[in-house]
Each structure stands twice: as structure tokens, then as C-alpha cells.
Amino acid sequence: MIRVLTRNISRAPGAVWIDAYEANGGYDALKKAVSMAPDDVIKIVKDSRLRGRGGAGFPTGLKWSSVLPLEGSARPRYIACNFDEMEPGTFKDRFLVDGDPHQLVEGMIIAGWSCRADMGYIFIRDEYKITRQILKRAIAEAENKGLLGENILDSGWSYRIFVHASAGRYMAGEETGLINALEGRPAMPRSKPPYPGTSGLWGKPTVVNNVETLSCIPHIVQHGAEWFASLGKAKDAGTKIYGISGNVSRPGCWELPMGSTLHELLDLAGGMRDGFKFRAALPGGASTMFMDALQLDIPLDYDALKDAALMLGTGTAIIVDDRACPVGLLANLAMFYARESCGWCTPCREGLPWVEKLLRAIDDGDGRAGDIELLLDLIKNIGPNTYCALAAGASFPIESGIKMFKSDFEEHIAQGKCPYR
Amino acid sequence: MTKGACRRDFMLTVEECAEIKEELIHSPTPRAACVDALKVVQRHRGWIDDEALGDVAELLGMSSAELDGVATFYNLIFRQPVGEHVILVCDSISCWLVGSESVLSALERRLGIKAGETTADGKFTLLLTVCLGHCDIAPVMMLDGEIIGNLTQEKIDDALKRALSSPVDAENVGEDE
């Protein structure tokens with residue numbers, strides 16, 4: 001089994017701290033990076049074809065190179081690590097940082113060097129209290145060794161990393177919502193352009209990257225772009241922390257080559273729990289489209305899924321079993337989105353609660369003829385008409401779910417009750 | 001004793017003001033520390049009432065309305081009284097699939113309250129929350145800042161008993177320092 005991001009993750013005592021990390025080659029990549037010109041590091045990241053692991057899959061090297069050039073651009077400049085991880089069904093970043101915090105810290109320092117940043121913020125959800133302690137200790141360890149702080153490794157460059165805990169809101173995981181949250185504002189989206197690389201935190205150039213994305217960086221710098229690109233099974237590069245939850249025997253996370261299949265993942269999870277059959281899956285957190293049993297062998301990577309009108313999202317799959325009522329399931333998803341909508345854009349703020357009400361009514365046996373069409377029409381008008389992508393994210397599982405489970409919807413409406421109860 | 005008010009016209013204590021000022025030292029702007037400042041007050045008082053909100057706003061140079069806009073936006077800042085122990089039950093998809101609804105009804109039965117309510121003796125507040133990021137051990141709840149997973153009736157009873165017999169660990173509930 002291939003282990004890149006998880007190579008240091010073990011239960012051995014002290015495995016998460018700096019001595020163990022350095023003994024296994026940790027911070028060698030940083031030493032290499034600071035001996036190079038920042039643009040050359042960015043070129044390696046570009047050539048590696050690393051794409052953002054937070055869900056959107058934006059090419060990381062391109063994001064880094066879109067930061068305003070240092071000349072003439074105001075300082076300070078920031079790296080913000082998105083460790084909000086509030087996408088339902090997603091727990092991979094916690095797994096990575098609990099097991100190897102220095103990998104993220106090193107990735108963030110290299111990102112800082114490459115983008116000529118002065119400061120880094122790790123925006124972590126409040127509920128990850130133990131993880132936050134681990135991270136703070138790792139940062140202190142790196143500072144004590146001169147890997148972080150003033151004049152890092154005698155390069156003349158200074159950079160600090162701060163940990164900022166959120167107070168809980170899904171929208172804070174959206175790139176510009178996160179920036180607003182760090183500034184002490186409600187996590188509402190900003191209009192783009194300008195993109196954060198031009199005007200982010202306090203109006204200064206800012207790069208926002210996901211935890212897993214940044215954790216890939218030391219390995220890319222250390223072993224090269226070609227090596228990283230070759231790790232993927234299909235077109236996409238690298239490995240991926242895939243995860244699985246629902247009624248499977250062993251829910252959890254695994255590192256696999258990018259482009260592995262749900263079939264492989266289900267095998268690693270020991271298959272379905274006794275008494276449950278596989279019915280469908282959301283492959284990458286709640287905000288993706290449903291896959292059915294016939295799609296289990298599609299490579300889970302950005303392009304292969306896109307070709308099948310699906311999405312990789314966060315890569316942590318939610319398995320739907322045959323005993324779960326699909327209407328209740330979609331009502332549950334709609335409740336999440338309606339509750340967490342920040343309220344900035346009318347279609348999302350007003351549309352999602354309406355969708356939730358309709359789904360609840362059908363689930364409670366109060367559905368009416370025409371409700372399915374009304375739902376699809378509503379959904380169609382939410383996603384494309386908002387500032388941020390989270391409304392579109394809400395529409396993906398609901399729209400694809402209504403289509404995939406249409407007979408269940410019809411049965412609910414015809415019988416005037418939920419056949420699963 | 002640091003329990004006295006930190007200013008004659010303030011309800012915040014010397015201790016609370018000192019902790020808020022500590023947050024301000026590390027913050028690029030006073031506003032950027034506002035969530036941390038609210039958490040300081042919440043750690044001491046359990047929730048943020050109007051008067052405390054006004055004091056924090058003044059310390060940060062914000063209007064009360066601006067600060068309330070932030071306070072009410074975030075799920076984990078409480079603008080209403082809560083009990084001594086706060087239980088957050090995940091009701092998102094991964095937990096729902098493996099039985100979060102029966103976890104909730106077990107808790108409601110044991111505590112004699114509905115989600116969103118506080119027990120008459122002020123011991124427990126029961127709240128629903130979004131995905132807690134521990135779907136590998138679903139169904140999950142958070143009690144006084146501690147994640148408890150793979151919930152069964154037995155584990156729920158144990159957790160409630162433990163909470164009653166031990167004082168709230170402020171370290172765990174609030175910030176790290």
C-alpha cells in the first residue's frame with residue numbers, strides 16, 4: 001500500500017512530534033525550498049498537477065502564481081489554511097493533522113516561502129480541540145528549531161503561523177467566507193473578482209489552501225513533480241486521503257492513489273454492515289452527486305468523475321444503504337443547507353428552506369402531485385444565482401437524489417406515507 | 001480576588017478583561033479578536049448576555065449591533081442562557097444514516113427535555129448541531145467540548161453520569177491557554 005501523506009502516521013509514542021518527523025526526513029523539503037527561488041518552487045508545484053483537496057480541485061500551482069507579484073504590491077501577504085472541515089461526512093483533514101501535524105506546518109512554511117508571505121493562519125473548526133492543541137505544539141516546536149519565525153534557516157525571510165479557531169458555521173469554509181471570518185466578521189462570501197490572490201485578508205494578497213493540499217507540498221518539493229504526478233492511477237496526480245462513512249463494517253480513512261474506485265474503498269472498509277445492502281453513495285462529502293451501484297468502478301478523480309457528471313468533492317464517501325429512506329435522507333441534507341446558509345443571497349436563503357419543507361412534507365406523507373417538478377424547478381434556480389459555490393453544492397445531491405430515487409418519491413406521494421417507516 | 005468589575009461601568013470582571021486584552025495583543029485588528037473575546041466571556045459565564053456583549057464591543061471599539069451580528073452568526077456562541085453542561089448532538093447525514101434520531105430521542109427521554117431546551121435544574125442543555133467531523137465513529141455527540149462517538153444507550157447514560165459527577169473542565173470547553 002502506498003503511503004505518502006500517511007507515512008508518519010502510527011500509534012508509536014511521540015510519532016507526531018518533531019524529533020520523529022525530522023528523523024524520517026521531515027523539514028528536508030523546507031531546507032531544499034529555501035535554497036531555491038520562490039518561483040522555481042511554484043513551478044514544481046504547477047508541474048506536479050496538484051489540485052486543491054478541499055473540494056473544488058483548483059490547480060494549486062496556478063493559485064500560487066496568481067498572487068500579485070511582490071514588486072508594487074502591498075504587504076503583508078498571507079497564507080490561510082482552510083481547516084474548517086464542516087462538509088458533512090468529511091473527517092480526512094483531522095485524521096491527517098492528528099497523525100502528522102508537522103507535515104501541514106512544513107507545507108504551510110513552503111507555501112509561505114513560495115508566495116513570499118509574511119504570515120500564515122490556520123483556520124480550524126472549534127470542535128477540533130485536541131487537534132488544535134497538537135497543532136499549537138507542533139508550531140512551537142518548529143519555532144524553537146528556527147524553522148519558523150525570524151530569519152528562517154538563515155534565509156533572511158521571516159514568517160509566523162497562527163492558529164485561529166472558528167465558532168462554527170459551514171460558510172466559514174468557503175474561501176472568501178473564511179477570510180471574512182478571520183477578520184472577525186460574519187462568514188459571508190465576497191464577490192469575485194478580485195480573487196484573494198489580489199485582495200484577500202485585510203485587502204492584501206492571500207492564498208487559501210486546504211489542509212490535505214498543503215500536506216502534499218513537502219513531498220512534491222522533496223521528490224519532484226514527475227514523481228508526484230506518477231502516483232495517480234488515471235489523469236490526476238498524487239495520492240488521496242479517501243474516507244467512508246455510513247453503514248459499512250469499518251468506517252475510516254485510507255490513503256490510495258488518486259483515481260482509486262469506490263469499489264476498492266468499500267473493500268477496505270470491510271463491505272456493508274450485516275443486514276445492509278449498498279444502494280448509492282455521495283463520493284466526496286454531502287455536496288456531490290449521488291453514484292449508484294453501477295458506477296462503483298469509476299476512478300475517483302476530478303476528471304473521470306466530471307466526465308460522468310459527478311464530482312470528487314472532499315473524497316470522503318457517504319454510503320447510502322437499502323434501509324435508509326431516500327426522501328428522509330434528502331430532507332436531512334436540505335435541513336443542513338437551509339440551516340447553514342449564511343443568508344447573503346436570496347435564492348439560497350429563501351430557496352433552501354422551501355426545498356426542505358417540500359421534502360419534509362413528502363417524507364411525512366403530505367406530498368402532492370407536482371411536488372417533484374416544483375422541487376426540481378426550485379433547485380435549478382438556486383445554485384447558479386448566488387455569490388458562492390456552496391448553494392450549487394447544496395443543489396448537487398438534492399437534484400441528483402430526486403432523479404435517482406424518483407420511484408421512492410412517487411411512492412411516498414401515491415401512498416401518502418413513508419414506506420420505510 | 002479578580003472577581004470584581006474591571007471598570008466601574010462594566011459587568012465584565014478584571015479577569016475577563018485581562019483575558020480579552022491578551023487576545024488583542026496577538027490580533028492584527030481589534031475586530032479580528034472579537035470571536036475570541038466572546039469565547040472568553042462564554043467560558044466564564046456560559047453564554048453572552050446583552051450587557052456583556054456591550055462591554056466586549058466597547059473594549060474592541062465596535063458597536064454592539066456589529067458585534068451581535070457576529071455573535072449571532074456563529075453556531076457556538078450562545079446568546080441565550082445554557083445549562084451547566086452543554087450537549088451538541090450531530091444530526092447531519094453520516095450520523096443520521098447510523099441512527100442519530102434514536103440518539104436524540106434517548107437523550108430527550110433521559111433528560112426530560114426536547115432539543116433546544118435546558119433541564120429545569122439548569123444542569124443540561126441539549127442542542128442539535130451540524131456534522132462534527134467524526135463520521136468514522138458516528139453517531140456522535142459533544143458534551144462539554146468532548147467528542148463521544150459510537151453512541152449507544154449505555155454510552156449516553158455513562159456520559160451523562162460522568163458529567164454530573166465532575167465539574168465542567170473549562171480547559172476543554174474553552175480555549176487552550
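What you are looking at is a predicted structure, and each value in this text was computed from that prediction instead of being measured.

Right, let's get into the overall build of chain A. Tallying secondary structure elements over chain A gives 17 helices and 9 strands in all. For 421 residues, the compact-globule estimate of 2.2 N^0.38 gives 22 Å, and the C-alpha radius of gyration of chain A, at 22 Å, lies within 12% of that figure. Considered along the principal axes of its C-alpha atoms, chain A spans approximately 75 × 45 × 35 Å. A total of 421 residues make up chain A; the buried ones form 63% of that total. Here the contacts in chain A between residues at least 6 apart in sequence split such that 70% fall between residues at least 24 apart. By element, 53% of the accessible surface of chain A is carried by carbon and sulfur atoms, the whole surface being about 15,200 Å². Counting 47 positive and 51 negative side-chain charges, chain A places the centres of these two groups 2 Å from one another.

On to helix α3 (residues 50-60) of chain B. Residue and element names in this part refer to chain B. Among all positions of α3, only Ala52, Leu53, Gly54, Asp55, Val56, Ala57 and Leu60 are buried. In the core, the buried residues of α3 are packed alongside α1 (14-25), α2 (34-45) and α4 (64-71). Once α3 finishes, Gly61 follows within two positions and takes phi at roughly 70 degrees, a positive value.

Our focus in this paragraph is the domain arrangement of chain A. Residues and elements named next belong to chain A. Splitting chain A by domain gives domain 1 (18-230), domain 2 (239-321) and domain 3 (326-415). For domain 1 and domain 3, the distance between their C-alpha centroids amounts to 35 Å. Taken together, the 12 residues of domain 1 in the interface contact 10 residues of domain 3. Where domain 1 abuts domain 3, roughly 1,100 Å² becomes buried across the two surfaces, and 73% of that area is made up of carbon and sulfur atoms.

Right, let's get into the packing of aromatic side chains. Using the criterion set out here, one finds 15 aromatic pairs over all chains in the structure. Relative to Tyr337 of chain A, the ring of Phe336 of chain A has its centre 5.2 Å away and its plane inclined at 80 degrees; by these criteria the two rings are edge-to-face. Each member of the pair, Phe336 of chain A as well as Tyr337 of chain A, is classed as buried. Note on Trp344 of chain A and Tyr387 of chain A: the rings are 6.3 Å apart at their centroids and 90 degrees apart in plane angle, and the pair reads as edge-to-face. A residue pair is termed long-range when its members are at least 10 positions apart, and Trp344 of chain A in the loop between α13 (326-340) and α14 (346-363) and Tyr387 of chain A in the loop between α15 (371-382) and α16 (390-404) qualify at 43 residues. What makes Trp344 of chain A partly exposed here is its relative accessible area of 44%. Judged by relative accessible area, which is 48%, Tyr387 of chain A ranks as partly exposed. Directly above the ring of Phe73 of chain B sits Arg169 of chain A, whose terminal nitrogen or CZ lies 4.3 Å from the centroid. Positioned over the ring face of Phe276 of chain A is Arg323 of chain A, at 4.3 Å from the centre of the ring.

Residues and elements named next belong to chain A. Spatial strand order, β6-β5-β9-β7-β8: 5 strands in an open sheet with mixed pairing. Sheet topology places β6 (252-257) and β8 (291-292) at the edges, where each strand pairs with a single neighbour. Relative to strand β5 (residues 239-246), helix α5 (residues 92-99) is tilted by about 120 degrees, and along the sheet it contacts β5, β6 and β9 (316-321).

Residues and elements named next belong to chain A. Per the stated rule, a full pass over the model turns up 3 cavities of 30 Å³ or more. Estimated volume of the largest cavity: approximately 130 Å³. Those elements giving two or more residues to the lining of the largest cavity turn out to be α13, α14 and α16. The element best represented in the lining of the largest cavity is α16, accounting for 3 residues.

All names here are of chain B. Structurally, the position occupied by Glu117 is in the loop between α6 (100-111) and β2 (124-129). Residue classification places Glu117 among the partly exposed residues on the basis of a relative accessible area of 37%. Each C-alpha atom, one on Glu117 and one on Gly83, is 9.1 Å from the other, the two residues being 34 residues apart in sequence. Here the side chain of Glu117 touches Lys114 through a polar contact of 2.8 Å, landing on its backbone nitrogen.

A few words on the interface of chain A and chain B. Between chain A and chain B, the residue contacts involve 53 residues of the former and 39 residues of the latter. The contact between chain A and chain B buries some 3,800 Å² in all, and 57% of this surface belongs to carbon and sulfur atoms. For the chain A face of the interface with chain B, the top three residues by lost area are Glu127, Lys129 and Ala167 of chain A, together amounting to 15%. One can count 3 salt bridges joining chain A with chain B. At the boundary of chain A with chain B, the tally comes to 20 residue pairs in polar contact (both at pLDDT 80 or more). Counting only elements with at least two residues in the side of chain A that touches chain B, the list comes to α7 (129-144), β3 (160-165), α8 (175-182), β5, β9 and α13 of chain A.

Turning next to the packing of α3 of chain B against α4 of chain B. Residues and elements named next belong to chain B. For the pair α3 and α4, the least separation of the axes is 9 Å and the interaxial angle reads 110 degrees. Here α4 runs roughly perpendicular to α3, going by the angle between their axes. As α3 packs across α4, the resulting crossing turns out to be right-handed. On α4, the residues touching Leu53, Gly54, Val56 and Ala57 of α3 are Ser64, Leu67, Asp68 and Ala71. In terms of residue class, the contact of α3 with α4 is made up of 5 nonpolar, 2 polar and 1 charged.

The subject of this paragraph is the packing of α2 of chain B against α4 of chain B. The geometry of a pair of packed helices is captured by two quantities: the angle between their axes and the separation between those axes. Residues and elements named next belong to chain B. It is at 10 Å that the axes of α2 and α4 come closest, and there the two elements cross at 80 degrees. Compared by their axis directions, α2 and α4 come out roughly perpendicular. Every residue of α4 that contacts α2 at Cys34, Val35 and Leu38 is listed here: Leu67, Val70 and Ala71. A breakdown of the residues in the contact of α2 with α4 according to their chemical character gives 6 nonpolar, no polar and no charged.

Cut-offs applied
- Residues numbered from 1 in each chain as written.
- Chains lettered and ligands numbered in written order.
- Predicted model: local features only at pLDDT ≥ 70, side-chain atom pairs only at ≥ 80, totals over all residues.
- Heavy atoms only, no water.
- Helix = DSSP H or I, 4+ residues; strand = E, 2+ residues; numbered from the N terminus.
- Rg over C-alpha atoms; globule rule 2.2 N^0.38 Å.
- Buried < 20%, exposed > 50% of the residue type's maximum accessible area, 1.4 Å probe, protein only.
- Contact = heavy atoms within 4.5 Å.
- Areas by Shrake-Rupley, 256 points an atom, 1.4 Å probe, with all protein chains shown as cover.
- Lys, Arg positive; Asp, Glu negative; His and termini not counted.
- Charge placed at Lys NZ, Arg CZ, Asp CG, Glu CD.
- Domains from an automatic or database assignment.
- Buried area = accessible area lost by both parts, 1.4 Å probe.
- Phe/Tyr/Trp six-rings, centres within 6.5 Å; stacked < 30°, edge-to-face > 60°.
- Lys NZ or Arg CZ within 6 Å of the ring centre and 35° of its normal.
- Pairing = 2+ DSSP bridges.
- Axes fitted to C-alpha atoms, helices over the stretch in contact; angles between N-to-C directions.
- 1 Å grid on protein atoms, 1.4 Å probe; cavity = no way out; pocket = protein on both sides within 12 Å on 5 of 7 lines; lining within 4 Å.
- Points joined across faces, edges and corners; volume = space filled by probe spheres on them.
- Polar contact = N/O pair within 3.5 Å; in protein donor to acceptor, adjacent residues only side chain to side chain.
- Salt bridge = Lys/Arg side-chain N within 4 Å of Asp/Glu carboxyl O.
- Parallel < 35°, antiparallel > 145°, perpendicular 65-115°, else oblique.
- Left-handed = near helix turned anticlockwise from the far one by under 90°.
- Nonpolar A, V, L, I, M, F, W, Y, C, P; charged D, E, K, R; others polar.

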